[in-house]
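# Reading the structure
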Amino acid sequence: MKQHDLVLRAGLVHGPDTGTGMVADVAVDRGRISVVAPDGIAASGRSEVDATGLLVVPGLVDLHTHVHDGAGFWGVSPASTAWRTGVTTWVDAGSAGAYTMRALRSRAARERVGIHAFVNIAPQGLAARTGEARDAAALDPEALRACVGEHGGFVRGIKVRIDETTVGLQGVEPLLQALTLADDLGLPVMAHVGPPTEYATAVLQVLRPGDVLTHCAGPVIRAVLESADRDALVSAYRRGVVFDLGHGAGGFDYQALETLLTLGLAPHTVSSDLHALCAPGPAYDLPYVMSKLLAAGMALPDVLHATTAAPADVLGLPVGRLQVGGAADIGLFRLEERVDRYADVHGVERVGEQRLENVSTFVAGAPLSPHWPSAPPSWVPLTVHQRSALDRRDRTARRLLRAPLVPGDQVRSQLPGAPSSEAGTRPVRIAALGLYHEANSFAEHHVDRDAFAAGTSVGEAAMRERYVAGSSVMSGYLDVERDDVEVVPLRMTTLTPAGVVVGDVLRREVDALCESLRNRGPWDGVLVAVHGACVADDLADADGYLLTRLRAVVGDDVPLGATLDLHANVSAAMVEAADVLNAYQTNPHVDARTRAVQVAETIVAAARRQVRPTMAWLQVPVVPTIVAQNTDAEPMRSLMHAAAAVEARPGVLAASVTQGYPYADVAEMGMAVVVVTDDDRDAARDACTELAAVLWSRRAELSQSALPPTEAVELVRTKAVATPALLLDAGDNIGAGSAGDSVVLLRAVIDAGLTRAVAIVADPAAVTACTAAGVGGAVRLTIGGTSHPEVGPPLEAAGEVLRLDAGAFRADAPVHAGLDVSDAGPTALARLDTGQLVVLTTRAVMPVSATQVTRLGVDLAELDVVLAKGVHSPLAGYAGHVSDHVFVDTPGVTAVDLNRLPYRNRRAPMLPFEDDAVLRIGLP
């Protein structure tokens, strides 16, 4: 009986020509697929692989990569990545131009994987970081023609980068030149799009069918989707422009992707844009990018098609399919059922339940051997987080290698971020603890001992159970645990925003935190979770007090880092006590875990003496009104992008813009900028000054208003907004310290006759009345309106009890600040005689997740209006359930109009209160 060269047994074969998930044997002979047999292959193989439960996939085709390593800024080596990712065909997207293509082709000839190229319109290619097409006179169309003639078959298209930095004043002129050449040469064009938005719109208007728009779900395309130019995007897609993902370091935005999917504009191809800056994160490799697409809602067959047959067809390559007679380029993958979080380039996360992991990679039927990666070139500015990712890759690759390629310690020395020989082999030991509270100075309900007892977790077991699977700051701290890093969770208190803390209670809790830190020491580093706007009745800067006390316990030589809420009121005491302060940069706060990991990795590096964090900060005399604080909208989006640009600079470990918390009446209230560098105080100060100036230039846009209740409800009644609409009850914003019992907006809904509505009101007495009546019972209720004169009077209503519940729930997706576990206490769902649904709770909890309502059997899709007692915090958790949202300026202690509030301690002059406020640049 014939013996095959290779037989893969009982794998789940995926491909456009073989079906989806078909169990079959695959035989390979002389480098080509000879048999695909669902009924099995009787003949044996000289080499056999049991593929039971594994995906057998055509070798992946990565349409956008940069592999010209050693001859430019961006290049990476395919050999160090292909063997562990299943990518057998690499397409270099413009690393080489006409003058440098021979070198790239010579480089490609030394690789076992297939390599093809787009030639850069600029003849020098990407020898430098950017700016290659700024000089029109330097472009050489005749050289490009000659290049294609010499390297036909290897060169498959023309690449152009269109963004302000790359093309300068030329605009889209380099693209127009590329299109003219491509017409003559019969090639497609790949266009990279970057800011400004008008460049992207111009690109969309001129691309031809078969041309490739890469970074199709990047921040610039998101801006197009949110603008009046959306039709240009849709038109390009429909006329046959290929939409390619092109993840890279800055080309992937979840909101852009999800909008595209909603519009039926799914990416045709999924590529990594793998290069030196993003291989250590956030892209990592193509299977990791594919896992992100699964987390965003794309189906596995669509993701596999977009990384195999679809990119092969774009370039006319005879790969990407498992078919008899075709090349035996094959990837074996395990689809792990594993809950994990995946971040886009902004740090915004989505939860995925499946992870693609490559098991083996075959080229022409032969497995690729492990290949040790070389260290990134010296000019690549890696973040601490990226260096840590390389460190983890080091350990993973060690386990996979059949035999070391170089002796022991020499392996680790190749990679940045590895412990030096002086650091020894002992794991660094890091303490994690915190107290997280946002205190509203105008709220009457102070935080007492019982509230602390309910919100405190003590000890490793309790804290790991509470936080290890979440998306909070403490979850991020636990993320950095590994063989050489021990994170010890000690004690954590997380409170629902409310009034100020009773001073004696706060001091007892700080004493307990200090005691736990002292008793479990010594420590190599300390990680603290604080909000940055905690106030006690006799202590204005409670967070500064806590950090100062913790610093006294461990001394000056132990690095201490803290992750702050975006609404922190940063104080001098906080900066003095900490080595690293880093704040969330999204609102809704969906990056808490990501920013915490960044702090933790920096503290680990500092403990190993690999970095020396040096911090500067600057207060800015402005506080934005609450409705101006969404970081997905202007001006905050641009301010956060400016901070991210600073953070990406070499030597910068963290950069934050904080919005301040306007409902804490303290001297530190207001916006601030904080920059942490690696032992460069002047650079930190300069960056703070720069960011403060950018912030100050947008100050006029930070005082935004909201609609009064009657006008907001009228928008829903007249269908002027899409339904179901989320009405955001700003004056009773639980996330900013309100009691959650206002009935002002609910009364407006009732008065307008809107019956298809649901509201949540905290009222323990109403819950008791519903419990006494029982499910199905009629009940007369006096609802809410008691915590403050402005939120009442109470609503007198009759209704029927529909459901009773214990009130504890867990969010099923990432939520604001990672607050995924909530306990509202005994809860009742009632339908009022006027038609509205009301969820009555014993305790006020932040409305961060629609799960609070849907778990009670409420179908939000059948409603016209959902009332939420928050402003930005509900947007993440309700985004998939509502069609629009409206900010409502209801009365209360969290009113949008800050001039309603009786401040006594804030700084002055300050915007929006005094017009004569001046930015004074004076750094300590």
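What you are looking at is a predicted structure, and each value in this text was computed from that prediction instead of being measured.

A word on the overall build of the protein. Counting its regular elements, the protein contains 28 helices and 34 strands. In terms of overall dimensions, the protein is globule-like: its C-alpha atoms have a radius of gyration of 29 Å, near the 29 Å expected for 924 residues. Projected onto its principal axes, the C-alpha positions of the protein cover 85 × 60 × 60 Å. Within the span of the protein, comprising 924 residues, buried residues form 62% of the whole. For the protein, the share of sequence-separated contacts (at least 6 apart) that also reach a separation of at least 24 residues comes to 75%. When the accessible area of the protein is evaluated, it comes to approximately 32,900 Å², of which 50% is carbon and sulfur surface. Of the side-chain charges in the protein, 77 are positive and 108 negative, and the distance between the mean point of each set is 5 Å.

Read across the open sheet, the eight strands follow the order β27-β28-β31-β32-β26-β33-β25-β34; overall the sheet is mixed. Edge strands, defined here as strands with exactly one partner in the open sheet, are β27 (778-783) and β34 (884-888). Put simply, the sheet's adjacent strands are angled 30° from each other on average, direction ignored. Here strand β28 (residues 795-805) pairs with strand β31 (residues 827-832) via six bridges, running antiparallel. If you follow glutamate 800 over to β31, its bridge partner there is arginine 831. On top of the sheet, helix α25 (residues 744-751) reaches β25 (725-729), β26 (757-762), β28, β31, β32 (837-841), β33 (865-868) and β34; it is set at about 165° to β33, its chief contact.

What follows covers the pairing of β25. Among the five residues in β25, five count as buried, and that is most of the element. Along β25, one buried face is formed by Ala725, Leu727 and Asp729 and the opposite face, lined by Leu726 and Leu728, is buried too. Direction of pairing for β25 relative to β33: parallel, over a ladder of four bridges. Looking at the pairing, leucine 727 lines up with leucine 867 of β33. With five bridges joining them, β25 and β34 adopt parallel strand pairing.

Turning our attention to the pattern of salt bridges. Scanning all chains against the criterion turns up 52 salt bridges. For the salt bridge of arginine 208 with aspartate 183, the shortest nitrogen-to-oxygen distance reads 2.5 Å. Of this pair, arginine 208 sits in the loop between α6 (197-206) and β11 (212-214) while aspartate 183 is found in helix α5 (residues 173-185), placing the two residues 25 residues apart along the sequence. With a closest N to O distance of 2.5 Å, arginine 855 and aspartate 805 form a salt bridge. With arginine 855 in the loop between α27 (851-854) and β33 and aspartate 805 in strand β28, the pair connects residues that are 50 residues apart, well separated along the chain. Take aspartate 805: its relative accessible area is 18%, and that puts it in the buried class. Through salt bridges with shared partners, a single network forms among Arg222, Glu226, Asp253, Asp632, Glu634, Arg637, Arg698 and Glu701.

What follows covers the layout of surface pockets. Estimates place the volume of the second largest pocket at around 1,100 Å³. Together, 38 residues line the second largest pocket, and Thr496, Asp823, Arg843, Ala844 and Val845 are the ones closest to its centre. Elements represented by at least two residues in the lining of the second largest pocket include exactly α15 (449-455), β17 (456-458), α16 (460-467) and β30 (821-823). Counting residues per element, the lining of the second largest pocket draws most heavily on α15, which supplies four residues. The residue inventory of the lining of the second largest pocket, partitioned by class, reads 17 nonpolar, 14 polar and seven charged.

Moving on, we get to the packing of helix α3 (residues 141-150) against α5. Here α3 crosses α5 at 35°, and the two axes come no closer than 11 Å. Two packed elements cross with a definite hand, and for α3 against α5 that hand is right-handed. On α5, the residues that touch Pro141, Leu144, Arg145 and Val148 of α3 are Gln177, Leu181, Asp184 and Leu185. Residues that form the contact of α3 with α5 fall into these classes: five nonpolar, one polar and two charged.

The rules behind these values
- Residues numbered from 1 in each chain as written.
- Predicted model: local features only at pLDDT ≥ 70, side-chain atom pairs only at ≥ 80, totals over all residues.
- Heavy atoms only, no water.
- Helix = DSSP H or I, 4+ residues; strand = E, 2+ residues; numbered from the N terminus.
- Rg over C-alpha atoms; globule rule 2.2 N^0.38 Å.
- Buried < 20%, exposed > 50% of the residue type's maximum accessible area, 1.4 Å probe, protein only.
- Contact = heavy atoms within 4.5 Å.
- Areas by Shrake-Rupley, 256 points an atom, 1.4 Å probe, with all protein chains shown as cover.
- Lys, Arg positive; Asp, Glu negative; His and termini not counted.
- Charge placed at Lys NZ, Arg CZ, Asp CG, Glu CD.
- Pairing = 2+ DSSP bridges.
- Axes fitted to C-alpha atoms, helices over the stretch in contact; angles between N-to-C directions.
- Salt bridge = Lys/Arg side-chain N within 4 Å of Asp/Glu carboxyl O.
- 1 Å grid on protein atoms, 1.4 Å probe; cavity = no way out; pocket = protein on both sides within 12 Å on 5 of 7 lines; lining within 4 Å.
- Points joined across faces, edges and corners; volume = space filled by probe spheres on them.
- Nonpolar A, V, L, I, M, F, W, Y, C, P; charged D, E, K, R; others polar.
- Left-handed = near helix turned anticlockwise from the far one by under 90°.

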